[in-house]
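Structural features, examined
Spelled out, the chains give:
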Amino acid sequence: MVVIGVDIGSVATKGILISDGIQHKTIFPTGWSPRDTSEAVIAQLLHLSGMERQRVTRIFGTGYGRVAFDQADKTITEIKCHARGIAELLPEVRTIIDIGGQDSKVIRLGERGQVVDFAMNDKCAAGTGRFLQVMATTLGLDVSDLGSAEDPAQRLAISSMCTVFAESEIIGLMAKGNPKSGIVAGLHQSVGKRVAAMAKRLGIQEPIAFTGGVAINQGVKRALEEELGSSVMVSEVCQYTGALGAALLALENV
Ligand code: ADP
């Protein structure tokens, strides 16, 4: 059987095709048209796997753009897809912390990997990947460089929670000659602190997994671990967790 899971996020659209247990994956910037991007993702997955469209049994969609995904046989919430993806990648995990482009979520799992409870911040950019993207641009860095650009020993406190004010605060810190490495460490801490507070309110059970594109950033992982007082596990395919979950749910047809 051949199935596809597509996670149409605010920043990136991730796709996974599973054929006889083999996974092919791809990622595209979502851009302005989630519909066109999801079609491009499917075309690329078919190209990578050498499959014809007719061989695909089911396509499941998730992510914020799933409403526009008319090629999907079914759409599923990101919460369920992340839970299913983690059950595959890190089955022992009981709490998922997902930080994506425009929201952050904490998901508590039961012993069989089922969703027990969750909390979400989608009201404010602080504590999201978008916040880090804006700050990276202000600092003249690429978001993918932030993890290696920090120096926790020189960390500067960033007091503004609001993205617009935090940007002004950073410009002020740079104007005073503060090192970028200390500013970046402060930014990571501010994201870690905010998301850890949400996780603590919901209640954490270890082991903890960190998913979403922001989990690639080693500095946010470090800050999150410091704020939680626990280590967090990050899969090599952390940004694909939702797409993997959607593909597995398509395979199981649930
Ligand atoms: P969404 O599902 O909302 O599109 P993702 O889970 O794909 O979000 O995460 C996107 C975020 O991940 C970006 O805003 C950025 O902060 C972060 N990110 C993406 N790629 C990298 C990378 N290579 N290194 C560090 N951070 C990254």
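A brief structural summary.

Criteria and cut-off values
Residues numbered from 1 in each chain as written. Predicted model: local features only at pLDDT ≥ 70, side-chain atom pairs only at ≥ 80, totals over all residues. Heavy atoms only, no water. Helix = DSSP H or I, 4+ residues; strand = E, 2+ residues; numbered from the N terminus. Buried < 20%, exposed > 50% of the residue type's maximum accessible area, 1.4 Å probe, protein only. Pairing = 2+ DSSP bridges. Core = buried A, V, L, I, M, F, W, Y, C linked by side-chain atoms within 4.5 Å. Contact = heavy atoms within 4.5 Å. Salt bridge = Lys/Arg side-chain N within 4 Å of Asp/Glu carboxyl O. Axes fitted to C-alpha atoms, helices over the stretch in contact; angles between N-to-C directions. Parallel < 35°, antiparallel > 145°, perpendicular 65-115°, else oblique. Left-handed = near helix turned anticlockwise from the far one by under 90°. Nonpolar A, V, L, I, M, F, W, Y, C, P; charged D, E, K, R; others polar. Polar contact = N/O pair within 3.5 Å; in protein donor to acceptor, adjacent residues only side chain to side chain. Disulfide = S-S within 2.5 Å.

As for unusual backbone geometry
- Residues E206 and P207 are joined by a peptide bond in cis, for which omega reads -5°.
- Relative to the elements of secondary structure, P207 occurs in the loop between helix 6 (180-202) and strand 9 (208-211).
- We note that D20 has phi near 50°; this positive angle belongs to a residue other than glycine.
- Looking at where D20 falls in the secondary structure, it is placed in the loop between strand 2 (12-19) and strand 3 (22-29).
- The class for D20 is exposed, based on a relative accessible area of 65%.
- With a phi close to 50°, N253 is a non-glycine residue in the positive phi region.
- Looking at the secondary structure, you find N253 in the segment after helix 8 (241-252).

Some points on the pairing of strand 2
- The buried fraction of strand 2 amounts to 8 of the 8 residues, a majority that puts the element mostly inside the structure.
- Burial of strand 2 is two-sided: the residues A12, K14, I16 and I18 facing one way and the residues T13, G15, L17 and S19 facing the other way are all buried.
- Note that strand 1 (residues 2-8) and strand 2 share 7 bridges and pair antiparallel. Directly across from D7, in strand 2, lies its bridge partner K14.

Quick notes on the nonpolar core
- Formed by 33 residues in total, the largest nonpolar core has its most connected members in I97, I99, L132, I183, L187, F210 and L228.
- Every element with two or more residues in this core is listed here: strand 6 (95-99), helix 3 (129-138), helix 5 (163-175), helix 6, strand 9 and helix 7 (218-228).
- Considering every element that reaches this core, the biggest residue donor is helix 6, with 9 residues.
- Contact partners of L187, with chain neighbours within four places excluded, come to F131, L132, M135, L139, I158 and I170.

Looking at the pattern of salt bridges
- Counted under the stated rule, the structure contains 13 salt bridges.
- Its salt-bridge partner being R84, residue E252 comes within 2.6 Å of it at the nearest N-O pair. Note that E252 is positioned in helix 8 and R84 in helix 2 (residues 78-89), a separation of 168 residues in sequence.
- R222 serves as the salt-bridge partner of E150, at 2.6 Å between the closest nitrogen and oxygen. With E150 in the loop between helix 4 (146-149) and helix 5 and R222 in helix 7, this pair connects stretches of sequence that are 72 residues apart.

A look at the packing of helix 5 against helix 6
- Running from N to C, helix 5 and helix 6 cross one another at 155°; their axes reach a closest spacing of 10 Å. Comparing their axes, helix 6 and helix 5 come out roughly antiparallel. Judged by the sense of rotation from one axis to the other, the crossing of helix 5 with helix 6 is right-handed. Of the residues in helix 6, those touching helix 5 at I170, L173 and M174 are K180, I183 and L187.
- In terms of residue class, the contact of helix 5 with helix 6 is built from 5 nonpolar, no polar and 1 charged.

Things to note about the side chain of R94
- Here R94 is to be found in the loop between helix 2 and strand 6.
- Here the side chain of R94 touches E111 through a polar contact of 3.2 Å, landing on its backbone oxygen.
- In contact with R94, other than residues within four places in its own chain, are I107, R108, L109, G110, E111, Q205, E206 and P207.

Focus on the state of the cysteines
- Enumeration over the complete set of coordinates arrives at 0 disulfides.
- Note on C81: no disulfide assigned, nearest cysteine sulfur contributed by C238 at a separation of 16 Å.
- Judged by relative accessible area, C81 falls into the buried class, the value being 0%.
- Here C124 is not disulfide-linked; the sulfur of C162 is the nearest cysteine sulfur, at 7.0 Å.
- On the basis of relative accessibility, which here comes to 25%, the residue C124 falls in the partly exposed class.

Some thoughts on the sheet that holds strand 1
- The mixed open sheet is built from 5 strands, whose spatial order is 3-2-1-4-5. Either end of the sheet is taken by a strand with one partner, and the two such strands are strand 3 and strand 5 (74-75).
- Pairing analysis gives 8 bridges linking strand 2 to strand 3, with the strands arranged antiparallel. Bridge assignment links A12 to a residue of strand 3, and that residue is P29.
- Across the sheet, helix 1 (residues 34-49) touches strand 1, strand 2, strand 3 and strand 4 (56-62), and the angle it forms with strand 3 is around 145°.

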